[in-house]
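Given next are the chains, with one letter for each unit.
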Amino acid sequence: MRATSLFFLYLFICLALAALLTGPLMQTGWIDYEAQRVMGRLAQVFILLGLWPLLLALRLNTRTALGFAYPATQFRRTVWQGWVIGVAILLALALTLLALGIRVPDPTPPGWAALASRALQALIGGMLIGLLEEAFFRGALYSAIRRDNGVRSAVLWSAGLYAVLHFMKPGELPPGMALDAAGLWYMFSHVFIDLFQWQHLDSMVALFMVGVFLALVRERSGHIGWCIGLHAGWVPVIQVTRQLTDGDPNAPLAFLAGHYDGTIGWLAAAWIGLLAALYWWWTGRRTSAR
């Protein structure tokens with residue numbers, strides 16, 4: 001998969017540059033954060049700075065390739081409609097987790113002011129995450145793979161890379177390990193080593209199904225408006241759910257919730273997978289009828 005390999009190589013280079021610069025930046029004393037967080041943020045900065053030159057090189061710098069080739073007014077409408085649907089989808093999942101006792105109400109929830117502030121941050125953050133991630137995964141990456149290998153490969157590979165990248169994070173330095181070449185190598189190598197932890201499997205499968213669902217929406221609609229809205233709607237529901245409830249590890253069905261955020265696990269994988277199948281079947285029937 002040439003397109004997938006190129007995107008992965010690009011991300012690898014950004015991570016490597018971040019690893020090289022983390023040590024000198026931390027030694028200045030200007031930043032008072034954990035080293036792994038600094039490395040992660042630097043990688044994100046490099047990804048954003050180099051993304052447009054990458055798109056130019058791959059001839060993906062068009063509105064069509066990025067998924068924005070749709071009338072502006074209708075595009076905005078689909079974003080907000082997608083947001084409402086996204087909230088409903090994740091709200092159904094959160095309520096099911098509560099009903100099954102997998103998550104329980106927090107005995108000391110935050111006050112209304114703190115909750116409203118957190119919800120507003122999640123709303124804004126969800127929109128930004130939805131815009132950036134969908135333009136990358138269901139926009140440029142999906143278009144590149146579809147152009148070279150067709151729809152099936154585009155759906156599966158874009159979803160796979162989307163799921164994997166959620167777990168590619170620099171490792172935390174063990175107590176006593178210095179931030180020298182060995183320490184930087186430790187953080188960098190654990191970006192890939194931690195991918196193979198079994199505790200991530202349920203959340204990774206769920207995120208893969210999320211990627212499949214969004215890719216199918218992108219394929220049928222021809223743009224990423226719905227994808228941005230769906231993605232943006234999921235974020236605040238997850239954040240507010242974590243504020244108001246706690247996971248119960250002793251619940252009989254606790255294994256259905258993932259370790260990633262206490263929400264995205266086997267149950268989410270089944271729910272989103274069902275929605276993806278129903279969406280593809282329903283839109284296929286409508287297309288055939290027309």
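Residues numbered from 1 in each chain as written. Predicted model: local features only at pLDDT ≥ 70, side-chain atom pairs only at ≥ 80, totals over all residues. Heavy atoms only, no water.

This brings us to the overall build of the protein chain. The secondary structure content of the protein chain amounts to ten helices and two strands. Listed N to C, the secondary structure of the protein chain is α-α-α-α-β-α-α-α-α-α-β-α in terms of helices and strands. What you see for the protein chain is a C-alpha radius of gyration of 20 Å, in line with the 19 Å of a compact globule of 290 residues. Overall, the C-alpha framework of the protein chain stretches about 65 × 55 × 35 Å when taken along its three principal axes. Across the 290 residues in the protein chain, those meeting the buried criterion constitute 47%. Across the protein chain, the fraction of contacts at a sequence separation of at least 24, relative to all contacts at a separation of at least 6, is 79%. (Helix = DSSP H or I, 4+ residues; strand = E, 2+ residues; numbered from the N terminus. Rg over C-alpha atoms; globule rule 2.2 N^0.38 Å. Buried < 20%, exposed > 50% of the residue type's maximum accessible area, 1.4 Å probe, protein only. Contact = heavy atoms within 4.5 Å.)

Let's shift gears to the UniProt feature "transmembrane region" (unreviewed entry) in the protein chain. UniProt's entry tags residues 42-61, 82-102, 114-137, 149-168, 195-217, 224-244 and 264-282 with the feature "transmembrane region" (unreviewed entry), counted in the numbering of this structure. The span residues 82-102 is 86% helical and 0% strand by assignment, and the distance between its end C-alpha atoms comes to 27 Å. Helix makes up 80% of residues 149-168 and strand 0%. Its end C-alpha atoms lie 26 Å apart. (UniProt positions renumbered as here; feature names shortened; annotations may be inferred.)

This part covers the packing of helix α8 (residues 201-221) against helix α9 (residues 225-244). Running from N to C, α8 and α9 point in directions that differ by 150°, and their axes come no closer than 9 Å. Put simply, α8 runs roughly antiparallel to α9. On the side of α8, the interface is formed by Val210, Phe213, Leu214, Val217, Arg218 and Ser221, while α9 contributes Trp226, Cys227, Leu230, His231 and Trp234. Its residues assigned to classes, the contact of α8 with α9 shows eight nonpolar, two polar and one charged. (Axes fitted to C-alpha atoms, helices over the stretch in contact; angles between N-to-C directions. Parallel < 35°, antiparallel > 145°, perpendicular 65-115°, else oblique. Nonpolar A, V, L, I, M, F, W, Y, C, P; charged D, E, K, R; others polar.)

Below, the discussion takes up the pattern of salt bridges. Per the stated rule, a full pass over the model turns up four salt bridges. The shortest N-O distance in the salt bridge between arginine 37 and glutamate 34 comes to 3.7 Å. With a relative accessible area of 38%, arginine 37 lands in the partly exposed category. A salt bridge links arginine 146 to glutamate 219; the shortest N-O distance between them is 2.8 Å. Within this pair, whereas arginine 146 is found in helix α5 (residues 112-149), its partner glutamate 219 is found in helix α8, the two being separated by 73 residues in sequence. (Salt bridge = Lys/Arg side-chain N within 4 Å of Asp/Glu carboxyl O.)

Although it is not a glycine, arginine 59 sits at a positive phi angle of roughly 60°. Tracing the backbone shows arginine 59 in the loop between α2 (35-57) and α3 (63-66).

Turning to the side chain of threonine 263, a few remarks are in order. Residue placement: threonine 263 occurs in the loop between β2 (245-247) and α10 (266-289). Look at threonine 263 and you get buried, because its relative accessible area is 2%. Once residues within four sequence positions are removed from consideration, threonine 263 is found in contact with Leu90, Leu93, Leu97, Arg103, Thr241, Gly258 and Ala268.

Contact pair helix α6 (residues 151-165) / α8: the axes reach a minimum separation of 8 Å and the direction vectors enclose 140°. Taken together, α6 and α8 sit at an angle that is classed as oblique. In terms of crossing hand, the pair formed by α6 and α8 is right-handed. Of the residues in α8, those touching α6 at Val151, Val155, Leu156, Ser158, Ala159, Gly160, Tyr162, Ala163 and Val164 are Met204, Leu207, Phe208, Val210, Gly211, Val212, Ala215, Leu216 and Glu219. Residues belonging to the contact of α6 with α8 are distributed by class as follows: 14 nonpolar, three polar and one charged. (Left-handed = near helix turned anticlockwise from the far one by under 90°.)

Here the focus is the environment of leucine 207. Of note, leucine 207 is situated in helix α8. Taking the C-alpha atoms as reference points, leucine 207 and aspartate 248, 41 residues apart in sequence, are found 22 Å from one another. Beyond its immediate chain neighbours, meaning those up to four positions away, leucine 207 contacts Tyr162, Ala163, His166, Phe167 and Ile264.

Under the defined criterion, the tally for this structure stands at twelve aromatic pairs. Judged by centre distance (6.5 Å) and plane angle (65°), the rings of tryptophan 80 and tryptophan 83 are edge-to-face. Within this pair, tryptophan 80 and its partner tryptophan 83 are both found in helix α4 (residues 72-99), separated by three residues, close to a single helical turn. Members of the aromatic cluster, joined through ring pairs, are Phe7, Phe136, Phe137 and Tyr162. A cation sits over an aromatic face here: arginine 138 above tyrosine 162, 4.4 Å from the ring centre. Over the ring of tryptophan 280 we find arginine 220; its NZ or CZ atom is 3.5 Å from the centre of that ring. (Phe/Tyr/Trp six-rings, centres within 6.5 Å; stacked < 30°, edge-to-face > 60°. Lys NZ or Arg CZ within 6 Å of the ring centre and 35° of its normal.)

What follows covers the environment of leucine 214. Within the secondary structure, leucine 214 is located in helix α8. For leucine 214, a relative accessible area of 0% puts it in the buried group. Residues leucine 214 and proline 236 lie 22 residues apart in sequence; the distance between their C-alpha atoms is 18 Å. Dropping the residues within four chain positions of it, leucine 214 is found in contact with Glu134, Arg138, Cys227, Leu230, His231 and Trp234.

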